[in-house]
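# Inside the fold
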Amino acid sequence: MEEKLREELKRIFSKYGYMEYRPVFGKKPEEGEPCRTGHNESYSYAVYEDHIDVHEWDTLEIVETIWLKNNA
(Lines give C-alpha, C1' and ligand atoms only; values in the text may rest on other atoms or scores of the structure.)
Protein backbone atom coordinates (compact mmCIF):
# COMPACT_ATOMS: atom_id res chain seq x y z
CA MET A 1 0.00 0.00 0.00
CA GLU A 2 2.94 2.36 0.56
CA GLU A 3 3.66 2.35 -3.19
CA LYS A 4 0.01 3.13 -3.97
CA LEU A 5 0.16 6.00 -1.45
CA ARG A 6 3.27 7.47 -3.10
CA GLU A 7 1.69 7.20 -6.56
CA GLU A 8 -1.52 8.88 -5.44
CA LEU A 9 0.29 11.68 -3.58
CA LYS A 10 2.38 12.34 -6.70
CA ARG A 11 -0.82 12.54 -8.79
CA ILE A 12 -2.49 14.83 -6.21
CA PHE A 13 0.54 17.14 -6.14
CA SER A 14 0.56 17.39 -9.95
CA LYS A 15 -3.16 18.26 -9.91
CA TYR A 16 -3.37 20.59 -6.87
CA GLY A 17 0.23 21.68 -6.35
CA TYR A 18 2.78 20.39 -3.87
CA MET A 19 1.44 20.19 -0.33
CA GLU A 20 4.09 20.19 2.36
CA TYR A 21 3.97 17.15 4.67
CA ARG A 22 2.86 17.69 8.25
CA PRO A 23 3.35 14.80 10.68
CA VAL A 24 0.44 13.91 12.93
CA PHE A 25 1.34 13.05 16.51
CA GLY A 26 -0.81 11.24 19.02
CA LYS A 27 -3.44 10.18 16.51
CA LYS A 28 -4.64 6.62 15.95
CA PRO A 29 -5.45 5.75 12.32
CA GLU A 30 -7.39 2.68 13.42
CA GLU A 31 -9.77 5.04 15.24
CA GLY A 32 -10.44 7.04 12.09
CA GLU A 33 -7.86 9.80 12.60
CA PRO A 34 -5.47 10.79 9.79
CA CYS A 35 -1.96 9.41 10.01
CA ARG A 36 -0.45 12.08 7.74
CA THR A 37 -1.46 15.51 6.48
CA GLY A 38 -0.10 18.28 4.29
CA HIS A 39 -1.15 21.57 2.78
CA ASN A 40 -0.30 24.45 0.50
CA GLU A 41 -1.99 27.84 0.16
CA SER A 42 -5.12 26.42 -1.52
CA TYR A 43 -5.49 22.73 -0.63
CA SER A 44 -4.76 20.22 2.10
CA TYR A 45 -4.76 16.45 2.24
CA ALA A 46 -5.29 13.88 4.97
CA VAL A 47 -4.20 10.25 4.69
CA TYR A 48 -6.35 7.69 6.49
CA GLU A 49 -5.92 3.90 6.70
CA ASP A 50 -7.77 3.27 3.44
CA HIS A 51 -8.14 6.60 1.64
CA ILE A 52 -6.88 10.15 1.08
CA ASP A 53 -9.15 13.19 1.30
CA VAL A 54 -8.18 16.40 -0.50
CA HIS A 55 -9.78 19.56 0.97
CA GLU A 56 -10.01 23.20 0.01
CA TRP A 57 -7.77 24.87 2.58
CA ASP A 58 -10.08 27.71 3.58
CA THR A 59 -13.40 25.79 3.75
CA LEU A 60 -12.17 22.23 4.43
CA GLU A 61 -14.69 21.08 1.81
CA ILE A 62 -13.60 17.72 0.38
CA VAL A 63 -12.82 18.09 -3.33
CA GLU A 64 -11.56 14.55 -3.94
CA THR A 65 -11.35 11.20 -2.16
CA ILE A 66 -8.84 8.60 -3.36
CA TRP A 67 -9.28 5.04 -2.13
CA LEU A 68 -6.05 3.20 -1.33
CA LYS A 69 -7.77 -0.17 -1.05
CA ASN A 70 -10.34 -1.72 -3.37
CA ASN A 71 -13.32 -0.99 -1.17
CA ALA A 72 -14.86 1.84 -3.16
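Anyway, here's the lowdown on the structure attached to this text. These numbers come from a predicted model, not from an experiment.

The next thing to look at is the side chain of Asp53. Its place among the elements puts Asp53 in strand 4 (residues 51-56). Of note is the side chain of Asp53, whose polar atom sits 3.4 Å from the side chain of His51. Engagement of the side chain of Asp53 in a polar contact is seen with the side chain of Thr65, the distance being 2.8 Å. For Asp53, the contacting residues outside a window of four places in its chain are Ser44, Tyr45, Ala46, Tyr48, Ile62, Glu64 and Thr65.

Applying the stated criterion across every chain, the model contains 5 salt bridges. Its salt-bridge partner being Glu8, residue Arg11 comes within 3.0 Å of it at the nearest N-O pair. Of this pair, Arg11 and Glu8 both sit in helix 1 (residues 2-16), 3 residues apart, roughly one helical turn. Put simply, Lys4, Glu8, Arg11, Lys15 and Glu64 are held in one network by salt bridges that share partners.

Considering soluble globular proteins, one finds that nonpolar side chains tend to be buried as a cluster. Listed in full, the 11 residues of the largest apolar core are Leu5, Leu9, Ile12, Tyr16, Met19, Tyr45, Val47, Ile52, Val54, Ile66 and Leu68. In this structure Ile12 touches Gly17, Met19, Ile52, Val54 and Ile66, once residues within four positions along its chain are discounted.

Counted at 1.5 Å a residue, the expected span for helix 1 with its 15 residues is 21 Å, and the 21 Å between its end C-alpha atoms agrees. Looking at helix 1, one finds that the buried residues are Leu5, Glu8, Leu9, Ile12 and Tyr16. All buried residues of helix 1 fall inside an arc of 105° around its axis, so they share one side. For helix 1, exposure combined with an orientation more than 90 degrees from the buried face picks out Arg6, Lys10 and Ser14. Close packing links the buried residues of helix 1 with strand 2 (36-39), strand 3 (43-47), strand 4 and strand 5 (62-67). Two residues or fewer past helix 1, Gly17 is found with a positive phi of approximately 95°.

Reading the values: the criteria
- Residues numbered from 1 in each chain as written.
- Predicted model: local features only at pLDDT ≥ 70, side-chain atom pairs only at ≥ 80, totals over all residues.
- Heavy atoms only, no water.
- Helix = DSSP H or I, 4+ residues; strand = E, 2+ residues; numbered from the N terminus.
- Polar contact = N/O pair within 3.5 Å; in protein donor to acceptor, adjacent residues only side chain to side chain.
- Contact = heavy atoms within 4.5 Å.
- Salt bridge = Lys/Arg side-chain N within 4 Å of Asp/Glu carboxyl O.
- Core = buried A, V, L, I, M, F, W, Y, C linked by side-chain atoms within 4.5 Å.
- Buried < 20%, exposed > 50% of the residue type's maximum accessible area, 1.4 Å probe, protein only.
- Expected span 1.5 Å × (residues − 1).
- Arc of directions from axis to C-beta.

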